[in-house]
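Descriptive structure summary
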Protein chains: 4
Amino acid sequence: MTDTVVMAQRRVGLWMIGACGGVSCTTALGLSALARGLTPTTGMVTALPPFAHHDLDEPTAYVLGGHDIRTGDFVTAARELHERSNVFDERTLTACAADLTAWSANIRPGVVYKPNSAITALADRTDMRQARTPREAIDAIQSDLKAFKAAHKLDQVVVVNAASTEPPFEVGEEQKSLDKLLPALDRAAPAALPTSSIYAFAAIDAGFAYVNMTPSRGATLPALEELAKKRNVPHAGQDLKTGETLVKSVLAPMFARRNLRVLSWVGHNILGNRDGQVLNDPDNKASKVKSKDALLAALLGYKPQSIVSIEYIESLDDWKTAWDHIHYEGFLGTKMMFQFTWQGCDSLLAAPLVIDLVRLAAYAQRRGESGPMPHTACFFKSPVGVPEHDFGKQFAMLEDYFCVEPPA
Amino acid sequence: MTDTVVMAQRRVGLWMIGACGGVSCTTALGLSALARGLTPTTGMVTALPPFAHHDLDEPTAYVLGGHDIRTGDFVTAARELHERSNVFDERTLTACAADLTAWSANIRPGVVYKPNSAITALADRTDMRQARTPREAIDAIQSDLKAFKAAHKLDQVVVVNAASTEPPFEVGEEQKSLDKLLPALDRAAPAALPTSSIYAFAAIDAGFAYVNMTPSRGATLPALEELAKKRNVPHAGQDLKTGETLVKSVLAPMFARRNLRVLSWVGHNILGNRDGQVLNDPDNKASKVKSKDALLAALLGYKPQSIVSIEYIESLDDWKTAWDHIHYEGFLGTKMMFQFTWQGCDSLLAAPLVIDLVRLAAYAQRRGESGPMPHTACFFKSPVGVPEHDFGKQFAMLEDYFCVEPPA
Amino acid sequence: MTDTVVMAQRRVGLWMIGACGGVSCTTALGLSALARGLTPTTGMVTALPPFAHHDLDEPTAYVLGGHDIRTGDFVTAARELHERSNVFDERTLTACAADLTAWSANIRPGVVYKPNSAITALADRTDMRQARTPREAIDAIQSDLKAFKAAHKLDQVVVVNAASTEPPFEVGEEQKSLDKLLPALDRAAPAALPTSSIYAFAAIDAGFAYVNMTPSRGATLPALEELAKKRNVPHAGQDLKTGETLVKSVLAPMFARRNLRVLSWVGHNILGNRDGQVLNDPDNKASKVKSKDALLAALLGYKPQSIVSIEYIESLDDWKTAWDHIHYEGFLGTKMMFQFTWQGCDSLLAAPLVIDLVRLAAYAQRRGESGPMPHTACFFKSPVGVPEHDFGKQFAMLEDYFCVEPPA
Amino acid sequence: MTDTVVMAQRRVGLWMIGACGGVSCTTALGLSALARGLTPTTGMVTALPPFAHHDLDEPTAYVLGGHDIRTGDFVTAARELHERSNVFDERTLTACAADLTAWSANIRPGVVYKPNSAITALADRTDMRQARTPREAIDAIQSDLKAFKAAHKLDQVVVVNAASTEPPFEVGEEQKSLDKLLPALDRAAPAALPTSSIYAFAAIDAGFAYVNMTPSRGATLPALEELAKKRNVPHAGQDLKTGETLVKSVLAPMFARRNLRVLSWVGHNILGNRDGQVLNDPDNKASKVKSKDALLAALLGYKPQSIVSIEYIESLDDWKTAWDHIHYEGFLGTKMMFQFTWQGCDSLLAAPLVIDLVRLAAYAQRRGESGPMPHTACFFKSPVGVPEHDFGKQFAMLEDYFCVEPPA
């Protein structure tokens, strides 16, 4: 049986948590446009030559679905993003409308358990389900996932967390092992699991690969990592590295290798999409800022004074704009400056990476791999289980992963 | 015999071509300040942990000298740079004045053979020597170098080209082999060798390691590479990568690895030092722009539209300021922008790298190595014999060089 | 008779030279969208409160036509600008298509007399008319203008030069008075008038107000100024001040008033539209750079070192991007820096000003004014006959013009 | 008697509150350097031609003194600023050292009454005086001022508030009239007057002109304005407009006059001097941010979304660096961007304006003027009693003031 035949037969479900957001609708539009040959693979890492001849799923393989607590669908969300942020063209929107409409029928109301106020402020679906215990939420989510798989005769399903950022969640005793966590899931008490981890548990426990593109906890709790090993499920995260932090991860090593001492690194981010709105809440913002700031000390070997701010500026919509000012000292105590501004469209930067990660996760699962996927470190601000933050070295890990692959 | 004893005994001459320029006086001041424990090693690559425990020369090992066609010395030049560019502090200048004065006594008038007009415009030494043939120039230079070595009882001498940038020089038949070059050196005809190569020939032929920090030809002619092998002399070059191009060499790989298509890369450089003045001459500028622009296609795998300009702005003195605008395309044809501004002091960025290269060249010669030094690729815009331009990968070559070193 | 009735009856022709360019199609689309109430007056100076209650023409008053040497029309040009530069929305394009189509029927092939090579490179209309003498060209142009006026029963016609920038044209004897110019118009010799002035002559001689939004000569020759007085025609120019130069004209006075000494002012402009393409030709660029640079000395009272570059970067299309670096000296000799980047869409910045100027020119003509319109100085880089370059003071001249207006 | 003779005889005291800060020492060094002919008047507004021929005091007229709660003097402070911020040159510091030393003898320990914690954190003088009532503080301050005037046989004294920024202080009943305030000064209760107003009261009540270069309350309370009228004392303030806000006050009118709709204006300021340190305290920062942000709505006629942040970045010392991002809408709903970065040395920008204001205040007092000085609006972010924020119009007010002056 040849590769081509295998690919034609394989059907992969892509389940987006936060299905009505900018990243999800861009992912949907992008997959449809790619499948129809309407757009190049620009922005997709797995489309680069070193990764091209491996058994990664073609765009035609995918069926989309997802959960959301907000009213909407892929079509409406894509149209809104088009109008507000001036992205996508009419031709692509029209050509892909049928696919997006069909996939929108797979969107199910979100399931929540004691959600954070910044999140509930966004929720407007009347059929959203309030669970009384974490277990009840997990059951409802798994039921949706399994129905999706069955209805579309899918070979695999990958679940992606593209929901809004949660406040930080500290690991307690209950999250430290599966034994301790399981009984807690039946209690109507706070804090057994944050929402992102409830979804992650549901996915992993049901045997579906899981990708976390946000700084929320997701699968990064000892009990869930244990579960992933047990269920033989690969998972990847966390917090996609798409903009300012990506640049940091190539510039900081440059300063370090030239022995130029970074005195201060100031980064101000402004953006106007829903992510920006949720991050305006100080609790939710804390997760993000931590993730954006942490890599500096790791890359430099010392901790310079640093600021990372994220502010919501409505007029910018999806256009994340960042100004970074790096003050550094060179030879004989001479202070010098480097500044950059990043003007990128967040959803358009994230969506191709989501496709990359879904391809990599499904592939890893087919190869029988489970647990964190260290070769995906180059995609994340806080790569699970990988201390390396240098983008060049992280990328080499991805190349190595494919080099050592045994021939098919 | 311990390392300490060896280092105490070794005396290394550092001969600067262009001794009265900003880089030379900063190198002199820096070496003196380092030897006196007045300044940290910030900006020196070879001071980083991976390179620290090898037998590289200590700052106390050096004696400086050099050639110049301009009147001046290390003291005057350093004082002028201090006043015009607002670098160095009074304390360091005062504390190191005696060393700089002593070393200034070793500066000899330049030797020229049919020089370019932009260069001669700078020449104001009445005792500058006009040679009638390249051979006459070489003899005069070698005589100076040998006298320097003898007078100071030096174990080694490293010759560094820190003179102003020459116009491009195309390789002809005469430069293709030593056999063809040697007779031509005796003819009073144009173009047998550009000035930088006359100096390089003199150094290498006399057995001295040679470092070319400029985009001028220097040792990069087949006949001179042959000579270096024959005389067992290591040499390194060309064109120090200190500012905008350094940043290019870390940013371009980032775009490539994320499959973001660079549509255009515009770089405007302004500076007001003597280098800027010479580069204002279109012929001389051509060498530099070519060196700054070439690496983009190599790093991206395709050639985006690009502009590199260098303009002389007197008020900036040694503060090279660059603005780069990178226009790139992401997913679904979305155009995005990245801009940076670099504000660095040229001489202060270059001088510690000169010290690094001198340390590496003297070390290589002691280890019996000859010819180009590929492990120094990370220092140069156009590394001799190394097609790699990715700064991260170039740096790994330097690390590898020291890792595979046999124990002392 | 009320104002409303008057306005309802008045019909004004707007004749664009360069009708198929970005500014012309944006002006057409804008006027149609304003007339249909689909867009606010943002960007139009004459829509501001101080100018609102004067008898300026309403958007519904206009009929458009024009000349071009390139194939195309308002519809195609607007659609192309939409697709390449990501401006305008589908809704507006669709709603205004009928108006643009109707107006496109009024576009006539251009008339040329010994045109510049950068201009002819753009010409692709097979029915373009080559005149054998300037007079022949003038006759052909006037015939088109008069036919337009008659066909649409227009009360007034305003002719706007929105064609590509010409090379500089030095005033000779023939252009110094009407007496000397008139006989020269019949000679098939070079240089009696540049193309822009042939069109200006045709318009003014036929009694039509004339606006020059480019740095080309247009009506700024003594003989043509004489003609305008004689024919009682108002005219305005030259070179719309839309971007970097506008900012210069508010920032330079700030430095002057604070007695901060500007040491150097560097401005690099990159753009990718047809204007950028024509300006890539050094001759044509010269006119523009001169116009952009001249005001600095006027505003500061001394001439700092300055650079103004304009480079064609295809990927930017209509998005003119400028980086300006201002180096200045403050108290006790302290050097400081100010930098700005301008990212504006050229056609969208120019079009509302074209509408403003057409409104002001038609109004001036109705008031019996003739010759240059000094109150429009705030619109231009090189305002005809006005030495003032301070934008604030220029704006006050416009306010004064309307304040001293006698009651209707 | 001629002007020259008058000026030679006149002796003016300049009393700095916050005498050991960066602005005070720069003012001292500048006045000494100007008096000795060592530096040009760059940065001084009153040195411009329109103001040159009026009876403003020459640099030689001044004697300096002041209060501070921190240990230090003009010499030490200037030396520290030189070393940390890389400003001033050795030559000037040496030449002026004697003047600065002499004036330092006039510095007196500060007097405080219930100070804010951010302020007291800076206080390290052991002889600082704690007053038990506002009246006690006023008496102590006046005693110092009068002693200074007598000791140096001064004709006039101008008191300048150059102390750290206080938290906002809301006007209550007690501050609304002198009648209500006077009895409250004897009570050991909080909130009768903030520290800055205690000093302002002391100065004005003693008949000395008062200038407030900070956003603190100073003389801007109804009761103090009443006092100034009664005592016939001119005063000016508040909050010097030296950097980002100055630029705002020329750019915002540009957008308004072009009818370009500002959607958002984001300004991030970073600086590392003592002002920055005090502003790191949220209470103290509030005064400053309010002052920097307020003028936008006044200049535009509507309130766009805006952010003004000020962050303390130690490595920058006195180099205030600001990034402003202005997002605006042009014709047909097109969104465009303007960004600027300001890199200026705070003390060097402020000091010449302090000298300007002291000259203007002493001059006004000699002319018998009292109360706020509206013609100084162009110097301040929140000019007392002047609603105009357009820098061009404010400057015209200063020009008018001198134009209408009766001939001497």
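Residues numbered from 1 in each chain as written. Chains lettered and ligands numbered in written order. Predicted model: local features only at pLDDT ≥ 70, side-chain atom pairs only at ≥ 80, totals over all residues.

**Describing the overall build of chain A**
Test applied: Numbered from the N terminus, helices here are DSSP runs of H or I no shorter than four residues, and strands are runs of E no shorter than two. What the globule rule says is 2.2 Å times the number of residues to the power 0.38, and the radius of gyration is computed from C-alpha atoms. Exposure classes come from backbone-placed C-beta atoms, where a residue is buried if 20 or more other C-beta atoms lie within 10 Å of its own, exposed if 12 or fewer do, and partly exposed in between. Note on contacts: each residue gets a C-beta atom placed from the backbone, and two residues are in contact if those atoms are within 7 Å.
Within chain A, the secondary structure is distributed over 15 helices and 13 strands. Against the 2.2 N^0.38 benchmark of 22 Å for 408 residues, chain A shows a C-alpha radius of gyration of 21 Å, consistent with a compact globule. Structurally, chain A occupies a C-alpha span of about 70 × 50 × 45 Å along its principal axes. For chain A, with 408 residues in total, the buried portion stands at 59%. The long-range share in chain A, meaning contacts at least 24 apart out of those at least 6 apart in sequence, stands at 79%.

**Comments concerning the relation of the copies chain B and chain A**
Our working rule: A residue counts toward the fit only if its pLDDT is at least 70 in both copies, and the copies are then superposed by least squares on the C-alpha atoms of those residues.
Superposition of chain B onto chain A requires a rotation of 180° combined with a translation of 0.0 Å along the rotation axis, giving an RMSD of 0.0 Å. Taken together, the turn and the small shift mark the pair as related by a two-fold rotation axis. Taking C-alpha positions as reference, the residue of chain B nearest the rotation axis is phenylalanine 340 of chain B, located at 2.0 Å. Mapped onto chain A, 100% of the interface residues of chain B again fall at the interface, so both copies present the same surface.

**So, the environment of leucine 38 of chain A**
Residue and element names in this part refer to chain A. Counting through the fold element by element, leucine 38 comes out in the loop between α2 (22-35) and β2 (62-68). Along the primary structure leucine 38 and cysteine 96 are separated by 58 residues, whereas in three dimensions their C-alpha atoms are 9.3 Å apart. The contacts of leucine 38, once residues within four sequence positions are left out, are Ala33, Thr92 and Ala95.

**Some words on the sheet that holds strand β11 (residues 319-329) of chain C**
Note the cut-off: Pairs of strands are assigned from DSSP output, requiring at least two bridges between the strands. Lines are fitted to the C-alpha atoms to define the axes, a helix being fitted only along its stretch in contact, and any angle between axes, read from their N-to-C directions, falls within 0 to 180 degrees.
Strand order in the open sheet made by the eight strands is β10(C)-β9(C)-β11(C)-β12(C)-β12(D)-β11(D)-β9(D)-β10(D), with mixed pairing throughout. If you trace the sheet from one side to the other, it starts and ends with β10 (305-312) of chain C together with β10 (305-312) of chain D, each paired once. Averaged over all neighbouring strand pairs, the angle between strand axes comes to 10°, with direction disregarded. When strand β9 (residues 261-271) of chain D meets strand β11 (residues 319-329) of chain D, the two strands line up antiparallel, connected through nine bridges. The residue bridging histidine 268 of chain D from the neighbouring strand is tryptophan 323 of chain D, located in β11 of chain D. The sheet contacts of helix α13 (residues 346-366) of chain C involve β9 (261-271), β11 and β12 (335-345) of chain C, and relative to β12 of chain C the element is tilted by about 80°.

**Structural notes on the domain arrangement of chain A**
Residues and elements named next belong to chain A. Rule in force here: Those domain boundaries reflect an automatic or database domain assignment. For this classification, Asp, Glu, Lys and Arg are treated as charged, while Ala, Val, Leu, Ile, Met, Phe, Trp, Tyr, Cys and Pro are nonpolar and the rest, including Gly, are polar.
Taken as a whole, chain A is organised into domain 1 (3-240 + 348-403) and domain 2 (244-344). Relative placement of domain 1 and domain 2: their C-alpha centres are 26 Å apart. Taken residue by residue, the interface counts 25 residues in domain 1 and 27 residues in domain 2. The set of elements that each furnish at least two residues to the side of domain 1 that touches domain 2 consists of α3 (74-85) and α15 (391-403). Of the residues forming the side of domain 1 that touches domain 2, the biggest block, three residues, is contributed by α3. A per-class count over the side of domain 1 that touches domain 2 returns 10 nonpolar, 10 polar and five charged.

**A few points about the packing of helix α6 (residues 134-151) of chain C against helix α8 (residues 195-205) of chain C**
All names here are of chain C. Here is the rule we go by: Angular relationships are summarised with four words: roughly parallel below 35 degrees, roughly antiparallel beyond 145, roughly perpendicular across 65 to 115, and oblique for the angles in between. For any helix crossing, the convention is left-handed if the near helix is rotated counterclockwise from the far helix by under a right angle, and right-handed if that rotation is clockwise.
Viewed as axis vectors pointing N to C, α6 and α8 meet at an angle of 50°, and their least axial separation amounts to 9 Å. With respect to α8, the axis of α6 lies oblique. When the axes of α6 and α8 are compared, the crossing they make is right-handed. Taken together, the residues of α8 that come into contact with α6 (itself represented by Pro134, Ala137, Ile138, Ile141, Gln142 and Leu145) are Ile198, Tyr199, Phe201, Ala202, Ala203 and Asp205. Grouping the constituent residues of the contact of α6 with α8 by class yields 10 nonpolar, one polar and one charged.

**What about the interface of chain B and chain A?**
On the side of chain A, 47 residues touch chain B, which itself brings 47 residues to the contact. Of all the secondary structure elements, the ones that give two or more residues to the side of chain B that touches chain A are α2 (22-35), α10 (244-257), β12 (335-345), α14 (346-366) and α15 (391-403) of chain B. When grouped by side-chain class, the residues that make up the side of chain B that touches chain A number 28 nonpolar, 15 polar and four charged. Relative to β12 of chain B, strand β12 (residues 335-345) of chain A is paired through seven bridges, and the arrangement is antiparallel. Bridge assignment links phenylalanine 340 of chain A to a residue of β12 of chain B, and that residue is phenylalanine 340 of chain B.

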